[in-house]
Amino acid sequence: MAGDVNLPEVLLPPLPRDGMAAMAAPLPVLHEYGPAVRIGLWEGALPHAPINEADLSEQERLGLQAFRTRLHDSYRDEKENRPRRSAPWDEDGGRSGLDEDQPAATPPAPPLPADPTTVPQAPQVRRLAGRIAVGVVIVSGPGPLTMTSAQQSKIITDVQNGLSFLGGRAPARDVTFTYDLHVAQIATPDTTGPIPAGQDPYEHFEAPWRDAALASIGQPAGWSGVKNYIGGIKAAKGAQAAYCAFFTHYQLHHFAYCRDDCVVMQYANDGWGTKNLDSVFAHETAHVFGAPDEYALSGCNCGGSHGAYGRPNLNCENCADGGGVACIMRNNILDMCAVTPYHLGYTMPKAAGSV
Ligand SMILES: [Zn+2]
C-alpha cells in the first residue's frame, strides 16, 4: 500500500517508447508520468519487467521517486497521523478554513469577436472519468520564494497521494491521471501593499507570478494563457478532461483555491501545514470536477444540483442528519460520503440506485 490511501497500487511494466499510444494497457492505470513510469491498481502477479532508470525522463523520474516515497513506512505513518486529521475544514472558525476557496467569479476571459452564427454553449461539465490531464506548475521565485528540490518532491508526492485517493475511489477504476510537470523559475518579486479599489483580490496577488510562470512554459499572460495551457495538455495527452495547479510560496489572497479548472496553492498550506498538502489538493481538485463544499461555514445547503449527475448536496453539515458523515468535502480526511462520487462524475455501475 502506498501512503494512507489503502489501494493496491503497483508500478506497471514499462511500455515501449514508440508504442505508447497504440498499446492500451490491460490493467487500470492510475498515474501516468510517461511510458516507463505508470502506477496501476492491481493485486495479481505482474510480469517481471525492470525499469531502466538511466533512460527515464525527468518527469518519469519524479513520478517514480514520489511513488517510492509513498511506499515508505515513514510516509504512511506521517499521513495516518497527519495533523488535524478528520477536522472539519472550518474547525477553527474559518481562520485557516477553506471557506474562501471558491471565488464567486473567475477573471473574465478576453472578449471574443461577435459571431451571429454562434450558438451559445452550455458550460462544460467535467467528469472524473477516463484520462485526466493534470498540469502541475511549481513556481520558484527569488530568495525566500525559491522552491527547493525537497519541496518540489514533496509537492509531486502529495499530488500523487491525493489523486490516488480521488481516482482510486472510482468504482469502474477507469480514472488515469496523466501528468505534465513543470518547475517555473521566475524572478518576479512578491506582491505587497494594499489591493487597489475595484480589483479582484485573487488576481491582484496571483497575476504577477502566474503570468511570469506562464511565460516560462511558453504560454501567453492572463486567464487566456491558463486556458491555452489546459487545452494544450488535454489535446496532447488525449484526455477527456484537463486542469492545472500552481504551487508557490508567493503571497495569495487565500492559501488554497480553485477558479474553474485551475487550482492555486501556497506551499505552507496555512494552518493545515505541508503534511496536509495532499488532502487540501484533493479537496480543490474535487471542486474542479463539480463537488460542492459540505462543511458548515461554506454556507452549503442540502439542495442544489451539482456535478455531471446533477445531485443535491445531501451530506452538507448544515442539514444532513447528525451533521453528515466524514468526507473530503467536509473534513481533512481521505474519505468520501455517498453522494460525492456522483458530484465528481465517476462512471457508476449501471445497477446503482439513487443515493
Ligand atoms: Zn472547498
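1. Some details on the overall build of the protein chain
So, point 1. Of the regular secondary structure elements, the protein chain holds seven helices and eight strands.
So, point 2. Put simply, 69% of the contacts in the protein chain that link residues at least 6 apart link residues at least 24 apart.
So, point 3. A total accessible area of about 15,000 Å² is found for the protein chain, and carbon and sulfur atoms account for 55% of it.

2. Details of the pairing of strand β3 (residues 37-41)
So, point 1. With five of its five residues buried, β3 lies for the most part within the structure.
So, point 2. Alternating positions in β3 separate into two faces, Val37, Ile39 and Leu41 on one and Arg38 and Gly40 on the other, with burial throughout.
So, point 3. Relative to β3, strand β1 (residues 9-11) runs antiparallel, the two being bridged by three bridges. By the bridge assignment for β3, leucine 11 is matched with isoleucine 39.
So, point 4. Note that strand β2 (residues 29-34) and β3 share four bridges and pair antiparallel. Directly across from histidine 31, in β3, lies its bridge partner isoleucine 39.
So, point 5. Counted along the chain from β2 to the antiparallel partner β3, the turn is two residues long.

3. Describing the nonpolar core
Buried together is how nonpolar side chains tend to be arranged in soluble globular proteins.
So, point 1. Within the largest apolar cluster, 66 residues are counted, with the highest numbers of intra-cluster contacts made by Leu128, Ile132, Leu163, Phe177, Tyr243, Phe281 and Leu344.
So, point 2. In terms of nonpolar packing, the next biggest core, distinct from the first, is built from 25 residues, Ile186, Trp209, Leu252 and Tyr257 among them.

4. Thoughts on the confidence of the model for the protein chain
So, point 1. Across the protein chain, the average pLDDT comes to 90, with 88% of residues at or above 70.
So, point 2. In this model, residues 106-114 is a region of pLDDT below 50 whose contacts with residues beyond four sequence positions or in other chains number seven contacts.

5. A few points about the environment of aspartate 335
So, point 1. Structurally, aspartate 335 is set in the loop between α6 (277-288) and α7 (340-344).
So, point 2. Among the residues examined, aspartate 335 registers a relative accessible area of 28% and is labelled partly exposed.
So, point 3. Put simply, aspartate 335 and leucine 166 are 169 residues apart on the chain and 9.1 Å apart in space, counted from C-alpha to C-alpha.
So, point 4. Once residues within four sequence positions are removed from consideration, aspartate 335 is found in contact with Phe165, Arg169, Ala326, Cys327 and Ile328.

6. Considering the coordination of the zinc ion
So, point 1. Distances from the zinc ion to its protein donors, Asp101 (OD), Asp101 (OD), His283 (NE2), His287 (NE2) and Asp293 (OD), fall at 2.0 to 2.7 Å.
So, point 2. One chain supplies every donor for the zinc ion, spaced along it as D-x181-H-x3-H-x5-D. Of this pair, aspartate 101 sits in the loop between α2 (73-80) and β4 (130-140) while aspartate 293 sits in the loop between α6 and α7; the two residues are 192 residues apart in sequence, bridging distant segments of the chain. Neither aspartate 101 nor aspartate 293 differs from the other in exposure class; each is buried.

7. Side note on the packing of helix α1 (residues 58-71) against helix α3 (residues 149-168)
So, point 1. It is at 9 Å that the axes of α1 and α3 come closest, and there the two elements cross at 70°. Compared by their axis directions, α1 and α3 come out roughly perpendicular. For the crossing formed where α1 meets α3, the hand is right-handed. Together, Leu62, Gly63, Gln65, Ala66, Phe67, Thr69 and Arg70 of α1 and Ser153, Ile156, Thr157, Gln160, Asn161 and Ser164 of α3 make up the contact between the two elements.
So, point 2. For the contact of α1 with α3, the class distribution of residues is four nonpolar, eight polar and one charged.

8. Thoughts on the state of the cysteines
So, point 1. With the rule as written, the count across this model stands at two disulfides.
So, point 2. The disulfide partner of cysteine 300 is cysteine 316, and the gap between their sulfur atoms is 2.1 Å. On the sign convention where negative means left-handed, the S-S torsion of about 85° between cysteine 300 and cysteine 316 marks this disulfide as right-handed. Within this pair, whereas cysteine 300 is found in the loop between α6 and α7, its partner cysteine 316 is found in the loop between α6 and α7, the two being separated by 16 residues in sequence. Both residues of the pair, cysteine 300 and cysteine 316, belong to the buried class.
So, point 3. For the protein chain, numbering the cysteines in disulfides from first to last along the sequence yields the connectivity 1-3, 2-4.
So, point 4. The cysteine cysteine 244 is free of any disulfide, with cysteine 262 supplying the nearest cysteine sulfur at 3.5 Å.
So, point 5. Look at cysteine 244 and you get buried, because its relative accessible area is 0%.

9. Quick word on the sheet that holds strand β5 (residues 175-185)
Backbone hydrogen bonds hold the strands of a sheet together, and the pairing may be parallel or antiparallel.
So, point 1. Judged by pairing direction, the sheet is mixed, and its eight strands sit side by side in the order β1-β3-β2-β5-β4-β6-β8-β7 without closing on themselves. Edge positions in the sheet fall to β1 and β7 (256-259), since each has one partner strand and no second. Between one strand axis and the next, the sheet turns by 20° as a mean value, whatever way the strands run.

10. A closer look at the packing of aromatic side chains
So, point 1. With the rule as written, the count across this model stands at nine aromatic pairs.
So, point 2. Consider the rings of tyrosine 202 and tyrosine 257, whose centres lie 4.8 Å apart with planes at 75°: the pair is edge-to-face. Of this pair, tyrosine 202 sits in helix α4 (residues 201-216) while tyrosine 257 sits in strand β7, placing them 55 residues apart in sequence. Comparing tyrosine 202 with tyrosine 257 shows no difference in burial state: the two are buried.
So, point 3. An aromatic cluster is defined as three or more aromatic residues linked by ring pairs; in this entry it consists of Tyr243, Phe247, Phe281 and Phe289.
So, point 4. Above the ring of tryptophan 272, the side-chain terminus of arginine 84 is found at 3.8 Å from the ring centroid.
So, point 5. The cationic tip of arginine 311 hangs over the ring face of tyrosine 342; the distance from NZ or CZ to the ring centre is 4.1 Å.

Calculation notes
Residues numbered from 1 in each chain as written. Predicted model: local features only at pLDDT ≥ 70, side-chain atom pairs only at ≥ 80, totals over all residues. Heavy atoms only, no water. Helix = DSSP H or I, 4+ residues; strand = E, 2+ residues; numbered from the N terminus. Contact = heavy atoms within 4.5 Å. Areas by Shrake-Rupley, 256 points an atom, 1.4 Å probe, with all protein chains shown as cover. Buried < 20%, exposed > 50% of the residue type's maximum accessible area, 1.4 Å probe, protein only. Pairing = 2+ DSSP bridges. Core = buried A, V, L, I, M, F, W, Y, C linked by side-chain atoms within 4.5 Å. pLDDT = per-residue confidence, 0-100. Donors = N, O, S within 2.8 Å, 3.2 Å for Na, K, Ca; no water. Axes fitted to C-alpha atoms, helices over the stretch in contact; angles between N-to-C directions. Parallel < 35°, antiparallel > 145°, perpendicular 65-115°, else oblique. Left-handed = near helix turned anticlockwise from the far one by under 90°. Nonpolar A, V, L, I, M, F, W, Y, C, P; charged D, E, K, R; others polar. Disulfide = S-S within 2.5 Å. Phe/Tyr/Trp six-rings, centres within 6.5 Å; stacked < 30°, edge-to-face > 60°. Lys NZ or Arg CZ within 6 Å of the ring centre and 35° of its normal.

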